[in-house]
Amino acid sequence: MTQAQNPADGPEQQPPQSPEEALAAAAANEVDALAALTNEVSTLKAQNADLADQYLRAKAEAQNALRRAEEEIAKARKFAVEGFADSLLPVLDSLEAGLAVQEATVQQIREGAEATLKQLQSALSRNKVVAIAPAAGEKFDPTQHQAISMVPAEQPANTVVAVLQKGYLIAERVLRPALVTVAAPK
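Predicted, not measured: the structure shown is a model, and the values here were computed from it.

A few words now on the overall build of the chain. Each helix and strand in the chain was counted, giving three helices and six strands. What you see in the chain, going N to C, is helices and strands ordered as α-α-α-β-β-β-β-β-β. The globule rule puts the C-alpha radius of gyration for 186 residues at 16 Å, and the 45 Å found for the chain is more than 25% above it. If one aligns the C-alpha atoms of the chain with their principal axes, the spans along those axes are about 140 × 55 × 30 Å. Nonlocal contacts in the chain, meaning residues at least 24 apart in sequence, comprise 61% of its contacts between residues at least 6 apart.

Okay, the sheet that holds strand S6 (residues 178-183) next. A sheet is described by the order of its strands in space; here three strands give the open sequence S2-S6-S3, paired in mixed fashion. With partners counted over all chains shown, the strands left at the sheet margins are strand S2 (145-151) and strand S3 (160-165), one partner each. Here the average twist between neighbouring strands, direction ignored, is 30°. In this sheet, S6 lies alongside S2 in parallel orientation, the contact comprising six bridges. Across the sheet, residue Ala147 finds its bridge partner in S6, namely Val180.

Now for the sheet that holds strand S1 (residues 129-132). Pairing within the open sheet is antiparallel, and its three strands lie in the order S1-S4-S5. Looking at the sheet topology across the chains shown, the edges are occupied by S1 and strand S5 (173-176). The average angle at which neighbouring strand axes cross in this sheet is 35°, direction not considered. Bridging between S1 and strand S4 (residues 167-170) involves four bridges; their strand directions are antiparallel. Among the inter-strand pairings, Ile132 is bridged to a residue of S4, identified as Gly167.

Another point: the packing of helix H2 (residues 82-100) against helix H3 (residues 106-126). At their nearest, the axes of H2 and H3 sit 9 Å apart, and the two run at 180° to each other. When the interaxial angle is binned, H2 and H3 end up roughly antiparallel. On the side of H2, the interface is formed by Phe84, Ser87, Leu88, Pro90, Val91, Ser94 and Leu95, while H3 contributes Thr116, Gln119, Leu120, Ala123, Leu124 and Arg126. Looking at the contact of H2 with H3, its residues break down into eight nonpolar, four polar and one charged.

Turning next to unusual backbone geometry. With the exception of glycine, most residues fall at negative phi, and the peptide bonds are largely trans. Even without being a glycine, Asn158 presents a positive backbone phi close to 60°. Residue class for Asn158 comes out partly exposed when judged on its relative accessible area of 38%. Residue Ala171 is not a glycine yet carries a positive backbone phi of 50°. For Ala171, the position within the fold is in the loop between S4 and S5.

Further remarks concern the layout of surface pockets. Regions of empty space are outlined by a rolling probe, equal in size to a water molecule, passed over the atoms. Size it by volume and the largest pocket reaches roughly 220 Å³. If you go around the largest pocket, the residues you meet are Ser94, Leu95, Gly98, Leu99, Val101, Ala104, Gln108, Ile109, Gly112, Ala113 and Thr116. Listing elements by their share of the lining of the largest pocket, those giving two or more residues are H2 and H3. No other element matches H3, which puts five residues into the lining of the largest pocket.

The subject of this paragraph is the side chain of Thr116. Mapped onto the elements, Thr116 comes out in helix H3. Looking at Thr116, its side chain comes within polar contact range of the main-chain oxygen of Gly112, at 2.8 Å.

This part is about H3. Helix length check: H3, at 21 residues, gives a terminal C-alpha distance of 30 Å against a target of 30 Å (1.5 Å per residue), a fit within 8%. Within the sequence span of H3, burial applies to Thr116, Ala123 and Leu124. Buried residues of H3 fall within an arc of 95° about the axis and therefore sit on the same side. Opposite its buried face, H3 presents the exposed residues Arg110, Lys118, Ser125 and Arg126, each directed more than 90 degrees away. Where H3 is buried, its residues contact H2 and S1. In the segment just after H3, Lys128 is the residue with positive phi, at about 65°.

About the cut-offs
Residues numbered from 1 in each chain as written. Predicted model: local features only at pLDDT ≥ 70, side-chain atom pairs only at ≥ 80, totals over all residues. Heavy atoms only, no water. Helix = DSSP H or I, 4+ residues; strand = E, 2+ residues; numbered from the N terminus. Rg over C-alpha atoms; globule rule 2.2 N^0.38 Å. Contact = heavy atoms within 4.5 Å. Pairing = 2+ DSSP bridges. Axes fitted to C-alpha atoms, helices over the stretch in contact; angles between N-to-C directions. Parallel < 35°, antiparallel > 145°, perpendicular 65-115°, else oblique. Nonpolar A, V, L, I, M, F, W, Y, C, P; charged D, E, K, R; others polar. Buried < 20%, exposed > 50% of the residue type's maximum accessible area, 1.4 Å probe, protein only. 1 Å grid on protein atoms, 1.4 Å probe; cavity = no way out; pocket = protein on both sides within 12 Å on 5 of 7 lines; lining within 4 Å. Points joined across faces, edges and corners; volume = space filled by probe spheres on them. Polar contact = N/O pair within 3.5 Å; in protein donor to acceptor, adjacent residues only side chain to side chain. Expected span 1.5 Å × (residues − 1). Arc of directions from axis to C-beta.

See below:
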């Protein structure tokens, strides 16, 4: 016997279908495909709903974080001067106490003013307020000095001749520039 004649070796042959059976089989295949697609649509709808929920939660969390940050910034601005004001209260107390003395000598007033000035300088120093008082002959720095006038002088041009008013830095930022006169070019 040859291999082609052996029914066990060859594919099983299906009996011929009637047109009604073929139509029923095609309809069954379409129902199966429709069920698979319906199942896939349901799965995708569930995933979409889950992702939409995650998006809304993330958006709400971001908005809450932004709101909390804005509240913290507002509080920081509102209370930023609290420490500075607290360090100035002893200066205020000293000034009020000095003014309460009715009969003080000039020497007592001077000593009280000097003590109060030291308190004020200490309070400013604790709050990182530093004086800008360039020495005569120091190079003019337009970021920290404001030239009021140029005067003829026996020193190099564009150097400080005199300080008319001290300037101040706060945490290395110019609060007020020093007012200076500057040597004119010869």
